[in-house]
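# Descriptive analysis of the structure
Listed below are the residues making up each chain.
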Amino acid sequence: MDTTKPSLVILAAGMASRYGGNKQTESFGPSGETIMEYSIYDAIKAGFGKVIFIIREEFSAAFKEVIEPKLSGKIATDYVYQSLESFSGGRNIPVDRTKPFGTSHALLCCKEVLDGPFAVINADDFYGFDAFKQAYNFLTTAIAVNKYACIGYELKNTLSDNGSVTRGEINVNAAQEIVSITERKEIYKEDGKAFTKTGDSVQELPLDTKVSMNFFCFTPDFVNWSEQEYYKFLDNNTTDLKAEFLIPEVADLLIKSGEGVVKMIPTQAKWFGVTFKEDAPVVKAALQKLADDGVYPANLWG
């Protein structure tokens, strides 16, 4: 296994509060595969050399029991634990805080194991092979310090029928460089259209709006840059029990600071995922159909 190839970082430390269970290790595929196994399968096929899992330490034994036997000999693995105290810089974390500080804080927890270009994704999202192929190409031919990328999905390919979702709305310039990423925290479908709600304000979003699904391509320099931003975040939000330090928002800060560029790489891949418990049978049916159509083997590792 060539660990000089790009790594895939998988965010699997979330609490899944809306889902109600450990969806990261739940079986969805025809042979009991988790959703992230399809991402790992696609990453191996695209050429990635290592997978780094960000998980909660108390969950590690159960997690490794599910994953390690399947990946042994197929790709290198590493594990990082996200905890509330990590990178607190001596600040007191409220005792009532139970949820981790978000995806960019999770990346910070990877700081010591990142040794080259990497992609980062969510554990509970299905991204499609094209996204990994595009990411690998960028990571091996175009990435540089302060020159990063985000895989951009069409909004219509990322919505849930079972409730509102959070998406990062991407705006680009003529060079397809991202000008801004606006975190829309309540997007929902109604009568074949998409709407976003902010407080009492509701606006329609075009279905072909490009959005971030937390699939980014970075070098370790991005993580180093974000560390000081995290300390600022803590100073401003320590008492807010729900505040999160999110990758799209930190990427947006980098862009607006003028210290980096994030290119939007479009994909027509169809996303699906499990935000809500009601999404589970839809995802299982979709994975079964992909196996029936020969897109994936019925047993990924068989």
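Residues numbered from 1 in each chain as written. Predicted model: local features only at pLDDT ≥ 70, side-chain atom pairs only at ≥ 80, totals over all residues. Heavy atoms only, no water.

Structurally, Glu-244 is set in the loop between helix 5 (220-237) and helix 6 (247-257). With relative accessibility at 28%, the residue Glu-244 sits in the partly exposed group. Separated by 141 residues in sequence, Glu-244 and Thr-103 place their C-alpha atoms 7.7 Å apart. (Helix = DSSP H or I, 4+ residues; strand = E, 2+ residues; numbered from the N terminus. Buried < 20%, exposed > 50% of the residue type's maximum accessible area, 1.4 Å probe, protein only.)

A ring pair, where both rings are aromatic, is described by two values, the distance of the centres and the angle of the planes. Taken as a whole and judged by the stated rule, the model has 27 aromatic pairs. Look at Tyr-230 and Phe-233: their rings are 6.0 Å apart centre to centre, the planes differ by 20°, and that puts the pair in the stacked class. In this pair, Tyr-230 and Phe-233 are both assigned in helix 5, three residues apart and thus about one turn of the helix distant. Judged by relative accessible area, Tyr-230 falls into the buried class, the value being 0%. An aromatic cluster is defined as three or more aromatic residues linked by ring pairs; in this entry it consists of Tyr-38, Tyr-41, Phe-126, Phe-272, Tyr-296 and Trp-301. Positioned above the aromatic ring of Tyr-79 is the side chain of Lys-64, whose terminal nitrogen or guanidinium carbon lies 4.6 Å from the ring centre. Positioned above the aromatic ring of Trp-271 is the side chain of Arg-167, whose terminal nitrogen or guanidinium carbon lies 4.7 Å from the ring centre. (Phe/Tyr/Trp six-rings, centres within 6.5 Å; stacked < 30°, edge-to-face > 60°. Lys NZ or Arg CZ within 6 Å of the ring centre and 35° of its normal.)

A few words on the state of the cysteines. In protein chemistry, a disulfide is the covalent bond that joins the sulfur atoms of two cysteines. Counting across every chain of the model gives zero disulfides. Note on Cys-110: no disulfide assigned, nearest cysteine sulfur contributed by Cys-109 at a separation of 7.3 Å. With no disulfide partner, Cys-150 has as its closest neighbouring cysteine sulfur the one in Cys-217, 8.4 Å distant. Judged by its relative accessible area of 0%, Cys-150 falls in the buried class. (Disulfide = S-S within 2.5 Å.)

With phi around 70°, Asn-146 is a residue other than glycine that occupies positive phi space. With respect to the secondary-structure elements, Asn-146 resides in the loop between helix 4 (129-141) and strand 6 (147-154). Unusually for a residue other than glycine, Gln-176 sits at a positive phi of about 65°.

Turning our attention to helix 1 (residues 35-46). In an α-helix, one full turn covers 3.6 residues, which means residues spaced three or four apart are oriented alike. Compared with an ideal rise of 1.5 Å per residue, which puts 12 residues at 16 Å, helix 1 spans 17 Å between its outermost C-alpha atoms and is within 8% of the ideal. For helix 1, the tally of buried residues reaches nine of 12 residues, placing the bulk of the element in the interior. Those residues of helix 1 not exposed but buried are Ile-35, Met-36, Glu-37, Tyr-38, Ser-39, Ile-40, Asp-42, Ala-43 and Ala-46. Positioned one or two residues after helix 1, Gly-47 has a phi angle of 125°, which is positive. (Expected span 1.5 Å × (residues − 1).)

What follows is about the pairing of strand 6. Counting buried positions along strand 6 yields seven of eight residues, so the element is predominantly enclosed. As judged from the six bridges shared by strand 6 and strand 12 (residues 261-266), these two strands associate in the parallel manner. By the bridge assignment, Tyr-148 is partnered in strand 12 with Val-262. Relative to strand 11 (residues 210-218), strand 6 runs antiparallel, the two sharing five bridges. Bridging from a neighbouring strand, Ala-149 pairs with Cys-217 of strand 11. (Pairing = 2+ DSSP bridges.)

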